[in-house]
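Working through the structure, step by step
If you want the building blocks of each chain, they are given just below.
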Amino acid sequence: MAIAQEEIKALIIKQLPDAKVDLVPLKEGNDHYQATVISSAFKGLGRLQQHRLVYQALEGILHSTLHAFSLKTELLAEKDPIHE
Amino acid sequence: MNDTPEIFQEIKDLIANNDVVLFMKGTAILPQCGFSGFVAQVLKRLNVPFKDINVLERNDIRQGIKDYTNWPTIPQLYVKGEFIGGADIVRDMLKSGELVQLFEKQGLGTLADNPLTTA
C-alpha cells in the first residue's frame, strides 16, 4: 500500500498550518520519502521535539503505509512572508 | 500495544549498562537498512564503541523501543541513557559538529586525525 505526496502534505499541514513541506520520493512505490518541513511551530523546540510534531501529524500512516521516512525540520524565519 | 514490563525493563537495563546503544535493523557488522547502516558507520568512524541491538531478531524490542522512546522509527541512538535521535538527527548533528562535541563531553570516541572531524 502506498501513499500519495498530497496526502502526506495534507496530514502535515493539518497539524502545522503554516508548514512548507518538500517531499522527495526515495524509491518507486510511494512508500519511501524524504521530507523537509519548515514551520514557525518549531520555534523554541529542539530537533527531537520538532520531529515528534511531524511524526504526530503522520501517526495514522506511519506504522502501516509509510515504509521509510527521512525527515529534516527547519524553523520558519519570522521575517519570511507566509501569505502575500 | 502489548509491551510487557519485562521488555521495558530489558530496554532500561541495556541503556543503563552500555554507554552507547544503537537499536538498529541488522547488526553493526551487517546492517540491513541504509539508515541503520549510516549511524553504525558514523559511530565506527568516530571510534565510539557501542552495543548494537538487532531489532529484526527481536520483534518485542522492535516494538518495545518505539513505545519506550515514543519514536516511530529505527534506528535509535542512545548515549549514556539519553535518546539522541535517529539517522536524520545524527546526520544533522554530525554536520553541525554537535555530535562530536557530545561524544567529547561524554569522554567517548577519539578525534585525532579523523577526517570526519577535521576541516
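Please read all numbers here as calculations on a predicted model, not as lab measurements.

Reading guide: rules and limits
- Every chain begins its residue count from 1, and numbering advances along the sequence as written.
- Just so you know, chain letters begin at A and ligand numbers begin at 1, following the order they were written in.
- Given that this is a predicted model, residues contribute local features only at a pLDDT of at least 70 and side-chain atom pairs are listed and counted only at 80 or more, while totals for whole chains, interfaces and linings are drawn from all residues.
- Only hydrogens and water are set aside when side-chain values are computed; all heavy atoms of the structure are taken into account.
- Each helix is a run of DSSP H or I of at least 4 residues and each strand a run of E of at least 2, with the numbering of both proceeding from the N terminus.
- The cut-offs for exposure are 20% and 50% of the maximum accessible area for each residue type, with area from a 1.4 Å probe on protein chains only; residues under the lower value are buried, those over the upper are exposed, and the others partly exposed.
- Reported accessibility uses the Shrake-Rupley method at a 1.4 Å probe radius. Residues are deemed covered only where the shown protein chains occlude them.
- Cavity: a set of points on a 1 Å grid over the protein atoms alone where a 1.4 Å probe fits but cannot get out. Pocket: an open set with protein on both sides within 12 Å along at least five of seven lines, its lining residues, like those of a cavity, having an atom within 4 Å of a point.
- Grid points are joined across faces, edges and corners, and a volume is the space filled by probe spheres set on the points.
- Three categories are distinguished: nonpolar for Ala, Val, Leu, Ile, Met, Phe, Trp, Tyr, Cys and Pro, charged for Asp, Glu, Lys and Arg, and polar for the others, with Gly belonging to the last.
- Any two residues having at least one pair of non-hydrogen atoms within 4.5 Å are treated as being in contact.
- What gets called buried area is simply the loss in accessible area from a 1.4 Å probe that two parts show on being joined, summed for both.
- By convention in these notes, a salt bridge is any Lys or Arg side-chain nitrogen within 4 Å of a carboxyl oxygen on Asp or Glu.

1. Examining the overall build of chain A
When helices and strands are tallied, chain A shows three helices and three strands. Scanning chain A from its N terminus toward the C terminus, one meets helices and strands in the order α-β-β-α-α-β. Within chain A, buried positions represent 38% of all 84 residues. Surface exposure of chain A reaches about 5000 Å², of which carbon and sulfur atoms provide 51%.

2. Regarding the layout of surface pockets
Its boundaries defined by the atoms lining it, the second largest pocket holds a volume of some 300 Å³. As for the second largest pocket, its lining consists of 13 residues, and the residues nearest its centre are Glu 59 and His 63 of chain A together with Asn 70, Trp 71 and Pro 72 of chain B. Breaking the lining of the second largest pocket down by element, the ones donating at least two residues are helix H2 (47-57) and helix H3 (59-62) of chain A together with helix H3 (59-69) of chain B. Of the residues assigned to the lining of the second largest pocket, the class counts are five nonpolar, four polar and four charged.

3. Observations concerning the interface of chain B and chain A
Opposite the 16 residues of chain B that make contact, chain A presents 13 residues. For the pairing of chain B and chain A, the buried interface totals around 1300 Å² over both sides, and the portion due to carbon and sulfur atoms is 56%. At the boundary of chain B and chain A, one finds three salt bridges. Note that Glu 98 of chain B is salt-bridged to Arg 47 of chain A, the shortest N-O span being 2.7 Å.

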